[in-house]
Amino acid sequence: MKVAAVTITYNRLNLTKQTVDSFYAKTNVDYHLFIDNGSTDGTQEYIKRFPHILMEANYGIAYAFREAVSHLQGYDFILKLDNDIYTETDDIIAKMLRFYELAGDKFVCSPVDLNIDPAYYPAVLKREQIYGYDVEFTSHTGGAFQLIPYFICDRLCREMRHLKHGDFMIGKYYRKHGYKPAYLKDLQMRH
């Protein structure tokens, strides 16, 4: 299974470097596309070492994500990886892919955010053990570190309406189309 990561940047060079360092110290993907929304703090120079798209202005996260996904064909999954993440779990992508391999691709999965404010934790619809994974099915998952089957990601981006209204509406879109937002409770990151 092939994974392309998308990281959207805008004027947070130190956080972007931390994200890249912790991510690649713990895991890897087949391709990583950075899209910058017009940074002026050195971020654009830094990301030039990676495949990248430089926007002339800040058009927002939804537009940047859609633009990035439009350049990614031939992948099984898109990883939305925000530029302020610290990856905790070793081999996290391989472990997430193993879950999909065992359970099927009708999920949109995220690791648990160890820094999440309980006031913002999504509604838990069901808890279940699936092939040794502790899974929480929720109203939505945080979009900060989200592994999305390509088909539903591409469709979400093309339709755009839900994408531009944030995580809750995106979760609603996934569920409407037969995909279950899920936290894999044994996998961890910090946002």
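Structure shown above.
Residues numbered from 1 in each chain as written. Predicted model: local features only at pLDDT ≥ 70, side-chain atom pairs only at ≥ 80, totals over all residues. Heavy atoms only, no water.

Caption draft 1: Representation of helix H3 (residues 61–69) within the structure. Every buried residue belonging to H3 is among Ala62, Ala64, Phe65, Ala68 and Val69, and all of these are buried. Taken down its axis, H3 places every buried residue within 165° of arc, on the same side. At its buried positions, H3 is contacted by strand S1 (3–9), strand S2 (31–36), strand S4 (77–81), strand S9 (145–149) and helix H5 (150–159). (Buried < 20%, exposed > 50% of the residue type's maximum accessible area, 1.4 Å probe, protein only. Helix = DSSP H or I, 4+ residues; strand = E, 2+ residues; numbered from the N terminus. Arc of directions from axis to C-beta. Contact = heavy atoms within 4.5 Å.)

Caption draft 2: Expanded view of the pairing of strand S8 (residues 133–138). Taking burial as the measure, the six residues of S8 include five buried ones, the bulk of the element. By the bridge criterion, six bridges tie strand S7 (residues 124–130) to S8 in an arrangement that is antiparallel. By the bridge assignment, Ile130 is partnered in S8 with Tyr133. One ladder, built from three bridges, connects S8 with strand S10 (residues 180–190); its direction is antiparallel. Paired with Phe137 across the bridge in S10 is Ala182. (Pairing = 2+ DSSP bridges.)

Caption draft 3: Main features of the packing of aromatic side chains. Counting across every chain of the model gives twelve aromatic pairs. Taking the centre distance of 4.5 Å and the plane angle of 45° together, the rings of Phe77 and Tyr100 count as tilted. One end of the pair, Phe77, is in strand S4; the other, Tyr100, is in helix H4 (residues 92–103), with 23 residues separating them in the sequence. The same class applies to Phe77 as to Tyr100, namely buried. Between Lys2 and the ring centre of Tyr75, over which it is positioned, the NZ or CZ distance is 5.0 Å. (Phe/Tyr/Trp six-rings, centres within 6.5 Å; stacked < 30°, edge-to-face > 60°. Lys NZ or Arg CZ within 6 Å of the ring centre and 35° of its normal.)

Caption draft 4: Representation of the side chain of Ser39 within the structure. As for its position among the elements, Ser39 is in the loop between S2 and helix H2 (43–47). Since its relative accessible area comes to 8%, Ser39 is described here as buried. Only 2.6 Å separates the side chain of Ser39 from the backbone nitrogen of Asn11, close enough to count as a polar contact. In this structure the side chain of Ser39 is engaged in a polar contact, spanning 2.6 Å, whose partner is the side chain of Asp36. Discounting chain neighbours no more than four positions away, the residues touching Ser39 are Thr9, Tyr10, Asn11 and Gln44. (Polar contact = N/O pair within 3.5 Å; in protein donor to acceptor, adjacent residues only side chain to side chain.)

Caption draft 5: Local environment of the side chain of Thr27. One can find Thr27 in the loop between helix H1 (13–26) and S2. Given a relative accessible area of 10%, Thr27 falls into the buried group. There is a polar contact of 3.2 Å between the side chain of Thr27 and the backbone nitrogen of Ile93. Contact partners of Thr27, with chain neighbours within four places excluded, come to Asp91, Ile92, Ile93 and Ala94.

Caption draft 6: Local environment of H4. Spanning twelve residues, H4 covers 16 Å between terminal C-alpha atoms, matching the ideal 16 Å at 1.5 Å per step. Among the residues of H4, Ile92, Ile93, Met96, Leu97, Phe99 and Tyr100 are the ones counted as buried. Each buried residue of H4 lies within a common arc of 150° when the element is viewed along its axis, so the set occupies one face. Note on H4: the residue one or two positions beyond its end, Gly104, has a positive phi of about 100°. (Expected span 1.5 Å × (residues − 1).)

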